[in-house]
Amino acid sequence: MRIVGIIQARTGSTRLPGKVLRELGGRSVLGWVVRAAREAGALDDLLVATTTEPADDAVLRECDRLGVACHRGPVDDVLTRFVQALAGRRCDAVMRFTADCPLLDPAVIREAALVFRAVPGLDYLSTGLSRTLPRGLDVEIAGRAALARADQEATGFHRTHVTSYLYEHPGDSRLLGLAYRPAADDLRVTLDTEDDWRLIAAVVAALGDRCLPARTLVSWLREHPEVTGLNAHVRQKALQDA
């Protein structure tokens, strides 16, 4: 089974413009995501899906520097962007990444891919169905046929979120959730606000320019409540608002 990783990335974030190209520990935030996906050693192909907006010429240049393929498509209809990016590629399933999650654990990526490949007929797998990881470490995989169904049926905000239609309208689809213990879903290591940046920068300053095991990251954050408090007040946007 061929699993292709697609990282959605654009500079036009409403709450923190340009966040995916910020420098973090000597590399771009996008570069952190690309490195984690590559270190997992579980993907048959990897590409970035950005927009056709002129501002995202900078994303294309960064992809060239990182040596990763880049597809450009619609700004808000990210599902169409994904489907277009897959055209002409041999692919049975898609692992979706967002470029604002620089602290991804390659082991979690690898485990998700191994489970998806091991369960026949699986349509969707995610660590977020029953969230136990910190927000920003989640991994999800959609079968290509399931993604095609979403492309035919999804409307509105489901087209922005790519996979949300699959778990909110599963139909006959087979869904599987991965859970990790101890639960750490109260923690937030995704990059959406300036306070998120302060936390992530503090992690990198203390633990260095490397991919961290989720357990190591969680343990360190538990030991440093002054760091977790930096973005504890930040609330994730609802699906329909993002």
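Residues numbered from 1 in each chain as written. Predicted model: local features only at pLDDT ≥ 70, side-chain atom pairs only at ≥ 80, totals over all residues. Heavy atoms only, no water.

All buried positions along helix H9 (residues 214-223) are accounted for by Ala214, Leu217, Val218, Trp220 and Leu221. Along the long axis of H9, the arc covered by the buried residues comes to 165°, so they all point the same way. Pointing more than 90 degrees away from the buried face of H9 are the exposed residues Arg215 and Glu223. In this structure, the buried residues of H9 make contact with helix H4 (106-118), helix H8 (194-207) and helix H10 (225-228). (Buried < 20%, exposed > 50% of the residue type's maximum accessible area, 1.4 Å probe, protein only. Helix = DSSP H or I, 4+ residues; strand = E, 2+ residues; numbered from the N terminus. Arc of directions from axis to C-beta. Contact = heavy atoms within 4.5 Å.)

Attention now goes to a nonpolar patch on the surface. The grouping of Leu129, Tyr167 and Leu175 at the surface amounts to a nonpolar patch, some 210 Å² of accessible area in total. When you line up the elements, Leu175 lands in strand E9 (residues 175-177). (Patch = residues over 30% accessible without salt bridge, like charges linked within 9 Å, V, L, I, M, F, W, Y side chains within 5 Å. Areas by Shrake-Rupley, 256 points an atom, 1.4 Å probe, with all protein chains shown as cover. Salt bridge = Lys/Arg side-chain N within 4 Å of Asp/Glu carboxyl O.)

With respect to topology, seven strands assemble into an open sheet ordered E5-E4-E1-E6-E8-E7-E9, the strand pairing being mixed. Pairing within the sheet leaves two strands with one partner each, and these edge strands are strand E5 (69-73) and E9. Between one strand axis and the next, the sheet turns through 20° on average, direction left out of account. Where strand E7 (residues 124-126) and E9 come together, three bridges link them in parallel fashion. Bridged to Leu125 within E9 is Leu176. Where helix H1 (residues 29-40) meets the sheet, its contacts fall on strand E1 (3-8), strand E4 (45-51) and strand E6 (93-98), and the angle it forms with E4 comes to roughly 155°. (Pairing = 2+ DSSP bridges. Axes fitted to C-alpha atoms, helices over the stretch in contact; angles between N-to-C directions.)

Judged by nonpolar contacts, the single largest core of 60 residues is most densely connected at Ile7, Leu30, Met95, Phe97, Leu103, Val203 and Leu221. With eight residues, H1 is the single largest residue contributor to this core. Apart from residues lying up to four places away in sequence, Ile7 is in contact with Leu30, Val33, Val34, Leu46, Leu47, Val48, Ala49, Phe97, Thr98 and Ala99. By size, the runner-up hydrophobic cluster in this structure holds 20 residues, among which are Leu86, Ala142, Leu147 and Leu166. (Core = buried A, V, L, I, M, F, W, Y, C linked by side-chain atoms within 4.5 Å.)

Inspection of every chain in the model, using the stated rule, returns zero disulfides. A disulfide-free cysteine, Cys91 has its sulfur positioned 17 Å from the sulfur of Cys70, the nearest such atom. Among the residues examined, Cys91 registers a relative accessible area of 10% and is labelled buried. (Disulfide = S-S within 2.5 Å.)

Right, let's talk about the packing of H1 against helix H2 (residues 57-66) for a bit. Packed helix pairs are specified by the crossing angle of their axes together with the interaxial distance, meaning the distance between the axes. Between H1 and H2, whose axes approach to 11 Å, the crossing angle comes to 40°. Judged on the interaxial angle alone, H2 and H1 are oblique. Handedness of the crossing formed by H1 with H2: right-handed. When H1 is examined against H2, the residues Leu30, Gly31, Val34 and Arg38 are found in contact with a partner set consisting of Val59, Glu62, Cys63 and Leu66. Residue classes in the contact of H1 with H2 are distributed as five nonpolar, one polar and two charged. (Parallel < 35°, antiparallel > 145°, perpendicular 65-115°, else oblique. Left-handed = near helix turned anticlockwise from the far one by under 90°. Nonpolar A, V, L, I, M, F, W, Y, C, P; charged D, E, K, R; others polar.)

Time to look at unusual backbone geometry. Of note, the bond from Arg181 into Pro182 is cis; its omega dihedral lies within 30 degrees of zero at 0°. With respect to the helices and strands, Pro182 occurs in the loop between E9 and H8.

Moving on, we get to the packing of H1 against H4. Interhelical geometry of H1 versus H4 gives an angle of 50° and a closest axis separation of 8 Å. Relative to H4, the element H1 is oriented oblique. Handedness of the crossing formed by H1 with H4: right-handed. Contacts from Ala36, Ala37, Glu39 and Ala40 in H1 reach Pro106, Ile109 and Arg110 in H4.

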